[in-house]
Amino acid sequence: MESFPPNKKKIIIAVDGFSSCGKSTFAREVAARIGYIFIDTGAMYRAVTLLGLRRGAIGPDGVDEKALTDLLSEADISFRFNPGRGASDIYLDGENVESRIRGIEVSNSVSRVSSIGAVREKLVHLQQQMGKQKGVVMDGRDIGTVVFPNAELKIFMTADPAIRAQRRYAELTGKGEQVTLEEVMQNLLERDHADQTRAISPLRKADDAIVLDNSFMTIGEELEWALELIGKLTA
Ligand SMILES: Nc1ncnc2c1ncn2[C@@H]1O[C@H](COP(=O)(O)OP(=O)(O)O)[C@@H](O)[C@H]1O
Ligand SMILES: Nc1ccn([C@@H]2O[C@H](COP(=O)(O)OP(=O)(O)O)[C@@H](O)[C@H]2O)c(=O)n1
């Protein structure tokens, strides 16, 4: 933290990329090291999906867009810092749903939900409010292209799909979730495809983003690389 005193220029760091490549891990660590706020925008789309599943707007027949949009207009989505985790947990209508949004059921519907214009409109607006003062590291799919097209630093993360699937599988089974590697791989590939081909704000690398392939990098190596870049940009 000493290398980033408050008189340094505050910037916005946008981290976009494919599913399960380590965006949130990287963004959280970078934010902690430089005293910035970390915002996991994927958690927001996941919370909306949980809301739809719980309240019947998402069911066996798919997503009822109108019902979900109506629910969302009344919903309160916010973050609160959890000192134990060293990051913010996501709250849906006052309930901490951080541990409820990562499972395969939410993962299987979230890309459908995130393709809905009204959902994106509301969440992008909230994200822009959260980053207004700068000093944020935000990760997602459209941060460098839509949410903060003028972000001072844009990173586009990627990793080999088999490595990404293995990482997410280890994470989920480590938490006791009953899931197979094949299911995880399939979800990851389907979401990447849906996220890249949707009509509104598809996942794509911003022209001025720097690509970071972390297939064979440790988080320590990623941090070393990022902190040097950030040091130069905020000098
Ligand atoms: N450099 C890395 N090497 C190995 N595992 C990693 C690395 N970065 C992240 N992970 C692990 O990969 C999984 C997915 O990371 P996460 O940050 O949730 O990805 P994303 O936000 O892109 O979905 C997590 O279990 C995380 O601990
Ligand atoms: N800025 C964002 C962030 C997430 N999303 C959507 O939300 C889903 C879940 O995002 P996530 O970051 O939690 O996904 P993982 O990479 O953790 O698997 C993505 O697959 C996208 O469909 C989005 O559309 N835009």
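Residues numbered from 1 in each chain as written. Chains lettered and ligands numbered in written order. Predicted model: local features only at pLDDT ≥ 70, side-chain atom pairs only at ≥ 80, totals over all residues. Heavy atoms only, no water.

If you check an unreviewed UniProt entry, the chain appears there as Cytidylate kinase from Alistipes indistinctus YIT 12060. We quote the UniProt Sequence similarities (unreviewed entry) comment for the chain here in full: "Belongs to the cytidylate kinase family. Type 1 subfamily." (UniProt positions renumbered as here; feature names shortened; annotations may be inferred.)

### Looking at the site of ligand 2
Neighbouring residues of ligand 2: 19 residues in total, closest Arg46, Ser114, Arg120, Arg191 and Asp195. For ligand 2, an oxygen atom lies 2.6 Å from a polar atom in the side chain of Arg46. Side-chain polar atom of Ser111 to an oxygen atom of ligand 2: 3.1 Å apart, as the coordinates give it. Protein contact buries 98% of the 530 Å² of open area that ligand 2 shows by itself. When atom positions are compared with the pocket grids, ligand 2 is found to occupy the largest pocket. (Near = heavy atom within 4 Å. Polar contact = N/O pair within 3.5 Å; in protein donor to acceptor, adjacent residues only side chain to side chain. Areas by Shrake-Rupley, 256 points an atom, 1.4 Å probe, with all protein chains shown as cover. 1 Å grid on protein atoms, 1.4 Å probe; cavity = no way out; pocket = protein on both sides within 12 Å on 5 of 7 lines; lining within 4 Å. Sits in = over half its atoms within 2 Å of the grid points.)

### Focus: empty space enclosed by the protein
Within this structure, the stated rule accounts for two cavities of 30 Å³ or more. Volume-wise, the largest cavity comes out at about 50 Å³. Every element with two or more residues in the lining of the largest cavity is listed here: α4 (104-113), α7 (161-174) and α8 (181-197). With four residues, the single largest contributor to the lining of the largest cavity is α8. For the lining of the largest cavity, the residue count by class is four nonpolar, four polar and three charged. Counting only elements with at least two residues in the lining of the second largest cavity, the list comes to β1 (12-17), α6 (143-147) and β9 (153-158). Of all the elements, β9 adds the most residues to the lining of the second largest cavity, at three residues. Of the residues belonging to the lining of the second largest cavity, the class tally is five nonpolar, two polar and four charged. (Points joined across faces, edges and corners; volume = space filled by probe spheres on them. Helix = DSSP H or I, 4+ residues; strand = E, 2+ residues; numbered from the N terminus. Nonpolar A, V, L, I, M, F, W, Y, C, P; charged D, E, K, R; others polar.)

### Regarding the sheet that holds strand β5 (residues 77-82)
Pairing in this open sheet of three strands is antiparallel, and the strands run β5-β6-β7 from one edge to the other. Unpaired on one side and paired on the other, β5 and β7 (95-96) mark the two borders of the sheet. (Pairing = 2+ DSSP bridges.)

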